[in-house]
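What the coordinates show
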Amino acid sequence: MATASSLLSEERFLCCICLDVFTEPVSTPCGHNFCRPCIHKYWDSSDVCQCPFCKRTFSSRPELNVNTTMSELAAEFAKLVQVKVSTSDRELPEGTNVLCDICTGMKEKAVKSCLMCLTSFCVVHLEPHQRVSVLKSHKLIDPVINLDERMCKKHNKITELYCRTDKACVCVLCFKSDHKSHNVISLEEEYEAVLAKNDEVMANIHKMIQSRCDKIDAIEKSLDASQKEADEEKEASVQMFTDFIRSIQKSQADVVEVIEERHRAMKQKAEGFLKEMRMEVAELKSRISQLEQLSRSEDHHCLVQNFSSLRAPSSKGWSSAGVYSNLSFNEVRRAMAQVKQTADIILEKVPEIKMKRMREHAVDLTIDPDTAHCSLTISQDRKQVGTAEKQNLPKNPKRFEMYPEVLAKEGFTGGKFYFEVQVKDKSKWTVGVVRESVDRKGDTRLSVSDGYWTIGLSERKYYGYENSAVILVQLKKLQKVGIFVDYDKGVVSFYDVDFKSHIYSFSGFRFKDKLYPYFCPHYNTDKMNVAPLVITPVPHRLA
């Protein structure tokens, strides 16, 4: 079993950079702990991102989160160290001198402090307390420097009693006035009671420390195992994609080679036909020339003798001859397109990849005050909207007049777009997209038939509003909602940004109108809906 000294080993809680107790301890991928400010400063001052302890180099700067278990342990250790220091101060360790309060000029070292006189005495000035009978009854203790703290500030008397009700040291007059009905005992009695509990408290603290140390070891082992698993999985994935790319490249080379071979064969055949037909054309032209000469001759004998040999030769039947292309690889192209589509579908089942691809379509939105209901307040940067007292606003055909609703200034007529809305600390809200032509003056339902594609929270239940409210079950408490719209495919999807999980989708629609992001923070009727809806910036990387 680990001893107390090993459990409280100072080096467990010291940052090897600043050599002090951890402040906001974080763990690197290699499992070593540092103060967050220290490791950031260390990396900022170096061209290479590596662990200061084991010198392991990281290809990219890791995202570090505070190690809560180590942070709690470091805080407990700091408290124990502080308690030890305080106790040592009271006990005056060797080398600490309390000076006599009576000495003038060169003060001597005090040997005792009197709780009645509230004075520290050297050997010489302590003598009356050892001789005079009245002074002998005073309580003497080892010299301390904080005697004034033992005085009641209200009555200027020594605090020799302890009020268990208020957990405070009090004087006799305090007991008679403010603490008369309280559970008050002598300070010595409370001291004995605390001393009796001290071993139990120490044992509990040691047990807590042991538990935390075991947890640290378990987490560090888990982190090491996770790092090993991540390295193996990364290596296997890289190898798989490398093999796949090589296979595709080889198939590409094979297809190109076949296409070229087929073209060469066709070309060779065509060139044979062309050569033979060109020779035949030349021979026929020669016969025409000879026949023309004979036709101009008046030599009857010569014409009759040569005409039969110059007539057109028998036809070879070139009408059936031809060269046909066989270079189409449509089937191969279709197969490869299907492979790509299948790979995309499978990869999008990984939440982080799906979220990353949606965030590539992030848009920068601002709230349009011209559409805001008169009870809404909009932040100066037009990124937040909440409810307040009704205001006198100018009439505007764009403005919602029945409920606390507002649109973004930006609208969309095609393509894909994505944005995120913080709904944290709200008891009621609705967000989504609406078509431009929605009724802004009357009592309109939140239905897709009326041009609303939204989800919301009401009475501690999450809803998806189609033509009637659909309860969304098994949802954790939402902090931030991501809205993704594929206008051309007619899909509106909602995601839990923190857990990178799908919430609900509207699909199969054919959008024609311009779509606008929609926000409804609802009224603060229950005094629990003060927080605004916030359009948050979409990070380039996943959190």
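What counts and what doesn't
- Residues numbered from 1 in each chain as written.
- Predicted model: local features only at pLDDT ≥ 70, side-chain atom pairs only at ≥ 80, totals over all residues.
- Heavy atoms only, no water.
- Pairing = 2+ DSSP bridges.
- Helix = DSSP H or I, 4+ residues; strand = E, 2+ residues; numbered from the N terminus.
- Axes fitted to C-alpha atoms, helices over the stretch in contact; angles between N-to-C directions.
- Contact = heavy atoms within 4.5 Å.
- Buried < 20%, exposed > 50% of the residue type's maximum accessible area, 1.4 Å probe, protein only.
- Patch = residues over 30% accessible without salt bridge, like charges linked within 9 Å, V, L, I, M, F, W, Y side chains within 5 Å.
- Areas by Shrake-Rupley, 256 points an atom, 1.4 Å probe, with all protein chains shown as cover.
- Salt bridge = Lys/Arg side-chain N within 4 Å of Asp/Glu carboxyl O.
- Lys, Arg positive; Asp, Glu negative; His and termini not counted.
- Charge placed at Lys NZ, Arg CZ, Asp CG, Glu CD.
- Phe/Tyr/Trp six-rings, centres within 6.5 Å; stacked < 30°, edge-to-face > 60°.
- Core = buried A, V, L, I, M, F, W, Y, C linked by side-chain atoms within 4.5 Å.

Taken in spatial order, the three strands make up an open sheet running 7-6-8, and their pairing is antiparallel. What marks the edges here is a single partner per strand, and that holds for strand 7 (168–170) and strand 8 (184–186). Across this sheet, the average inter-strand angle for adjacent strands is 35°, counted without regard to direction. Bridge count between strand 6 (residues 161–163) and strand 8: three bridges; the pairing is antiparallel. When the sheet's bridge partners are listed, leucine 161 is paired in strand 8 with serine 186. Those strands touched by helix 7 (residues 187–295) are strand 6, strand 7 and strand 8, and its axis lies near 90° from that of strand 8.

Right, let's get into the sheet that holds strand 14 (residues 452–458). The six strands are arranged 11-20-13-14-15-16 in an open sheet whose pairing can be described as antiparallel. The two strands at the open ends of the sheet, each matched to only one other strand, are strand 11 (406–407) and strand 16 (469–472). Summarising the sheet, strand 14 and strand 15 (residues 461–465) pair through five bridges and their orientation is antiparallel. Within strand 15, the residue paired with glycine 456 across the bridge is tyrosine 463.

Along strand 12 (residues 416–422), five of the seven residues are buried, which leaves the element largely enclosed by surrounding structure. Note that strand 12 and strand 17 (residues 480–486) share seven bridges and pair antiparallel. The residue bridging glutamine 422 from the neighbouring strand is lysine 480, located in strand 17. Of the strand pairs in this sheet, strand 12 and strand 21 (residues 533–536) are connected by three bridges, and their pairing is antiparallel. Among the inter-strand pairings, valine 421 is bridged to a residue of strand 21, identified as isoleucine 535.

This next bit is on unusual backbone geometry. Despite not being glycine, glutamate 24 has its phi angle at roughly 50°, a positive value. Within the secondary structure layout, glutamate 24 lies in the loop between helix 1 (4–7) and strand 1 (25–27). The phi dihedral of lysine 500 is positive, around 55°, even though this residue is not glycine.

The grouping of Met240, Phe241, Phe244, Ile245 and Val339 at the surface amounts to a nonpolar patch, some 460 Å² of accessible area in total. Among the elements that make up the nonpolar patch, the one with the highest residue count is helix 7 (four residues). The topology assignment puts methionine 240 in helix 7.

Where like charges cluster on the molecular surface, the negative patch consists of Glu229, Asp231, Glu232, Glu233 and Glu235. Examined against the element boundaries, glutamate 232 turns out to sit in helix 7. For glutamate 232, a relative accessible area of 46% translates into the label partly exposed.

Let us now look at the environment of glutamate 190. Structurally, glutamate 190 can be placed in helix 7. By relative accessible area, glutamate 190 is classed as buried at 14%. Measuring from C-alpha to C-alpha, the distance between glutamate 190 and leucine 161 comes to 8.6 Å, with 29 residues separating the pair along the chain. Setting aside anything within four residues of it in sequence, one finds glutamate 190 in contact with Tyr162, Arg164 and Ile185.

So, on to the pattern of salt bridges. Where side chains of opposite charge bring their charged atoms close, a pairing between them can arise. Scanning the model with the defined rule gives eleven salt bridges in all. The partner of arginine 36 in a salt bridge is glutamate 24, and the shortest N-O contact between them spans 2.6 Å. Here arginine 36 is found in helix 2 (residues 36–44), whereas its partner glutamate 24 is found in the loop between helix 1 and strand 1, with twelve residues between them in sequence. We note a salt bridge from lysine 409 to aspartate 368, for which the minimum N-O separation is 4.0 Å. With lysine 409 in the loop between strand 11 and strand 12 and aspartate 368 in the loop between helix 10 (351–359) and strand 9 (376–378), this pair connects stretches of sequence that are 41 residues apart. One network of salt bridges, in which partners are shared, links Lys395, Glu401 and Lys441.

The next thing to look at is the packing of aromatic side chains. Within the structure shown, the criterion is met by 13 aromatic pairs. Seen in terms of ring centroids, tryptophan 453 and phenylalanine 509 are 5.7 Å apart; in terms of plane orientation they differ by 80°. Their pairing is edge-to-face. Taken as a pair, tryptophan 453 in strand 14 and phenylalanine 509 in the loop between strand 19 (501–506) and strand 20 (515–520) lie far apart in primary sequence, 56 residues in all. By relative accessible area, which is 4% here, tryptophan 453 ends up buried. Grouped by ring-pair contacts, the aromatic residues Trp453, Tyr487, Phe509 and Phe511 constitute a single cluster.

A few words on the side chain of aspartate 368. Here aspartate 368 falls in the buried class, since its relative accessible area comes to 5%. Setting aside chain neighbours within four positions, we find aspartate 368 in contact with Lys398, Val406, Leu407, Ala408 and Lys409.

Residues Trp429, Val481, Ile483, Val492 and Phe519 are the most contacted members of the largest nonpolar core, which totals 36 residues. Contributions of two or more residues to this core are made by strand 12, strand 13 (429–435), strand 14, strand 17, strand 18 (491–496), strand 19, strand 20 and strand 21. Excluding residues that lie within four positions of it along the chain, valine 481 makes contacts with Phe419, Glu420, Val421, Val423, Trp429, Val431, Ile455, Phe494, Tyr495 and Val497. Within the second largest apolar cluster, 20 residues are counted, among which are Cys38, Ile39, Leu73 and Ile216.

What follows concerns the environment of proline 404. Within the element layout of this structure, proline 404 appears in the loop between strand 10 (384–387) and strand 11. Residue class for proline 404 comes out buried when judged on its relative accessible area of 2%. Sequence separation of proline 404 and cysteine 520 is 116 residues, and the distance between their C-alpha atoms is 5.9 Å. Here proline 404 is in contact with His373, Ser375, Leu376, Thr387, Phe519, Cys520, Pro521, His522 and Tyr523, once residues within four sequence places are set aside.

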